Amino acid sequence: MRAPVSTVLPSGRLTLADLRRVYEQAAAFTLDPGARGRVAAGAAFVDAIAARDEAAYGVNTGFGLLANTRIAAGDLADLQRNLLLSHAVGVGDPLPDAVVRLILTLKVNALAQGHSGVSCELIDALLALLAHEVYPVVPAQGSVGASGDLAPLAHLCAVLLGVGEVRVDGQVLPATEGLARAGLAPRTLRPKEGLALINGTQVSTALALAGLFAAEDVFAAAVVAGAMSVDALKGSDAPFDERIHRVRGQPGQIDVARAYRELVHGSGIRASHLECSRVQDPYSFRCQPQVMGAVLDLLRHAAQTLAIEANAVTDNPLLFVDAGDVLSGGNFHAEPVAFAADTIALALAEIGSLSERRTAVLVDPKMSGLPAFLVEHSGLNSGFMIAQVTAAALVAENKALASPCSVDSIPTSANQEDHVSMATHAARRLDLMGRNAAAVVGIELLCAAQGIDFHRPAQSSAALEEVHAAVRAEVPRYDADRYFAPDVQAAARWVRAGRFAHHVAALVPSRSGWAP
């Protein structure tokens, strides 16, 4: 296993591009001297508070409803250890390594800003796990997204105590063995460190970022597939005219219309039917800039929220060392993340909905003028008939999943935590939604490529011929019925892998250098 190259963590200044890299590949970071100074000052401040005979929440008191219970000085280390052990009650399948890697990075990024009172040694231990690709096994379920992602973060950080399990190269090992592989030994936590570790929105945020990255790639592929479908239908490019979108003024719509114009520019298929009798194309073709532009605006807004949250300090209480203040607030409440996740869910549902409608038009000979179900000798061959049914089933599933989670709240901790965000499962469901939408768009890509084949020898645009060639390099033309599942699965993989993102990279926040 080749170790990742270590870079200096730009604490509080991670970009979406930085975060996508962490999600997609192993990462290693070091703290810069400025961050070490801030962290050391915060730890010293906590030590001074612990030495005084006065109550300080999270340092020498209980937690939540037990905040008024004073803890003796000799029990402070046990207090922090007990906090992690008692809160590690998550259930469900483990989070993927890529998400855990993001969580570790986000947790270090927050702690390194010096407002949490932890030691540099604790942060270095988290960085060692990252660098050695020792990923804690974190059950996916059990957080309501307020007072932080308590249960999953407890599982993440209990590993530092030598408790729980880790994954290394896909193999599950005891935490103690994982620590040894990272050159670490089980730790004794200092005052406030346990609370700082489990308090925060890093799990919700990491899951939402993963959902954003998936949605971006599905969006990019859907724009490309939609442009191909226009040529497959012998549709009009007039609806992409810049003047239409300029007079409305919606920024996403303007940008997406430009992308469609560029994708279809120079199409010989379009030139072959300039004088056709069709007056207007169906909305799923004609209104692509309006719908996909609105989707882009949603994704940009969610990206802005998540980029800010990824650099936020969200534990409690917070230290402001220069002023000598310890302030108890509620930055752990993940409402911004919940709203962002619900927004991404809406975007994914609509991308799939529009894509499936274009597929339905292409397979319908009355609408498309193409052979029924895009295959010769239909009747003997069923062609793309049930591929469209699969797309419809996935769209219906995503519509149900898109119901907002952020409107729900169940009080916890004996009503001390009486309003919660539900951000964690709001973000977690985006993985399934992204996979569903990727399959829907993949099916459209296959349909559009098949439609273009029926127009040969006419050629599409240079950009779309490149896409068509990429499809045909792995999936041959559908001349007669065959086992179709591998083709559909391959197309969905292309979408999820971001294979077509470079065609519209300027639109995709995490791939374009975009910043809030």
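Refer to the preceding data block for the structure.
What comes next is a walk through the structure.

Basis of the calculations
Residues numbered from 1 in each chain as written. Predicted model: local features only at pLDDT ≥ 70, side-chain atom pairs only at ≥ 80, totals over all residues. Heavy atoms only, no water. Helix = DSSP H or I, 4+ residues; strand = E, 2+ residues; numbered from the N terminus. Buried < 20%, exposed > 50% of the residue type's maximum accessible area, 1.4 Å probe, protein only. Contact = heavy atoms within 4.5 Å. Pairing = 2+ DSSP bridges. Phe/Tyr/Trp six-rings, centres within 6.5 Å; stacked < 30°, edge-to-face > 60°. Polar contact = N/O pair within 3.5 Å; in protein donor to acceptor, adjacent residues only side chain to side chain. Expected span 1.5 Å × (residues − 1). Arc of directions from axis to C-beta. Salt bridge = Lys/Arg side-chain N within 4 Å of Asp/Glu carboxyl O. Axes fitted to C-alpha atoms, helices over the stretch in contact; angles between N-to-C directions. Parallel < 35°, antiparallel > 145°, perpendicular 65-115°, else oblique. Left-handed = near helix turned anticlockwise from the far one by under 90°. Nonpolar A, V, L, I, M, F, W, Y, C, P; charged D, E, K, R; others polar.

**Comments concerning the environment of Ala151**
Its location among the elements puts Ala151 in helix 6 (residues 150-158). Residue classification places Ala151 among the buried positions, given a relative accessible area of 6%. A C-alpha to C-alpha distance of 17 Å links Ala151 and Asn331, two positions 180 residues apart in sequence. Those residues in contact with Ala151 that sit more than four places away from it in its chain are His87, Ala88, Val89, Gly90 and Gly142.

**Side note on the sheet that holds strand 4 (residues 135-136)**
One open sheet holds the 3 strands; their spatial order is 4-6-7, and the pairing between them is antiparallel. Each of the sheet's edge strands pairs with one partner strand only, and the pair in question is strand 4 and strand 7 (171-174). Sheet topology note: the strand 4/strand 6 (residues 165-168) ladder contains 2 bridges and is antiparallel. By the bridge assignment for strand 6, Pro136 is matched with Val166.

**So, unusual backbone geometry**
A cis amide bond, omega -5 degrees, links Asn316 with the succeeding residue Pro317. Mapped onto the fold, Pro317 is located in the loop between helix 14 (288-310) and strand 8 (318-320). Between Arg456 and the following residue, Pro457, the backbone shows a cis peptide bond with an omega angle of 15 degrees. The phi angle at Lys192 is positive, at roughly 75 degrees, despite the residue not being glycine. Here Lys192 is to be found in the loop between helix 7 (175-181) and helix 8 (193-198). One non-glycine residue, Phe373, adopts positive backbone phi at about 60 degrees.

**Comments concerning the packing of aromatic side chains**
In the structure shown here, the tally under the stated rule is 6 aromatic pairs. Here the aromatic rings of Phe240 and Tyr260 are separated by 4.9 Å at their centres, their planes lie at 15 degrees, and the arrangement is stacked. Note that Phe240 is positioned in the loop between helix 9 (202-233) and helix 10 (242-248) and Tyr260 in helix 11 (residues 251-264), a separation of 20 residues in sequence. Taking 6.5 Å as the distance between ring centres and 80 degrees as the angle between the ring planes, the aromatic pair formed by Trp494 and Phe500 counts as edge-to-face. Phe500 matches Trp494 in its accessibility class, with the two residues each being buried. Each member of the aromatic cluster is reached from another via a ring pair, and the members are Phe384, Tyr478 and Phe484.

**Thoughts on the side chain of Ser116**
Mapping Ser116 onto the fold places it in the loop between helix 4 (97-111) and helix 5 (120-131). Of the residues examined, Ser116 reaches a relative accessible area of 0% and is grouped as buried. For Ser116, the side chain forms a polar contact with the side chain of Asp315, separated by 2.8 Å. Setting aside residues up to four positions removed in sequence, Ser116 forms contacts with Ala110, Leu111, Lys192, Ala196, Val313, Asp315 and Leu319.

**Description of helix 17 (residues 385-401)**
With 17 residues, helix 17 extends 25 Å between its outermost C-alpha atoms, agreeing within 8% with the 24 Å of an ideal straight helix rising 1.5 Å per residue. Ala387, Gln388, Ala391, Leu394, Val395 and Asn398 are the residues of helix 17 that are buried. Down the axis of helix 17, the buried side of the element spans an arc of 120 degrees, and every buried residue falls inside it. Structural note: helix 17 exposes Ile386 and Ala400 on the side pointing more than 90 degrees away from its buried face.

**Thoughts on the pattern of salt bridges**
Applying the stated rule across the entire model yields 27 salt bridges. Residues Asp487 and Arg482 are paired through a salt bridge, measuring 2.8 Å at the closest nitrogen-oxygen approach. A residue is classified by how much of its surface remains accessible, and Arg482, at 28% relative accessible area, is partly exposed.

**Describing the packing of helix 9 against helix 15 (residues 335-363)**
Between helix 9 and helix 15, the shortest axis-to-axis distance is 9 Å and the interhelical angle comes to 20 degrees. Relative to helix 15, the element helix 9 lies roughly parallel. The chirality of how helix 9 crosses helix 15 is left-handed. Here the contact of helix 9 with helix 15 is composed, by residue class, of 14 nonpolar, 5 polar and 1 charged.

**So, the pairing of strand 6**
Here 4 bridges tie strand 6 to strand 7, and the two strands are oriented antiparallel to one another. Pairing of Val168 across the sheet is with Gln171, part of strand 7. In textbook terms, the turn of a hairpin is the stretch between consecutive antiparallel strands, and for strand 6 and strand 7 this stretch comprises 2 residues, one of which, Asp169, has a positive phi near 55 degrees.

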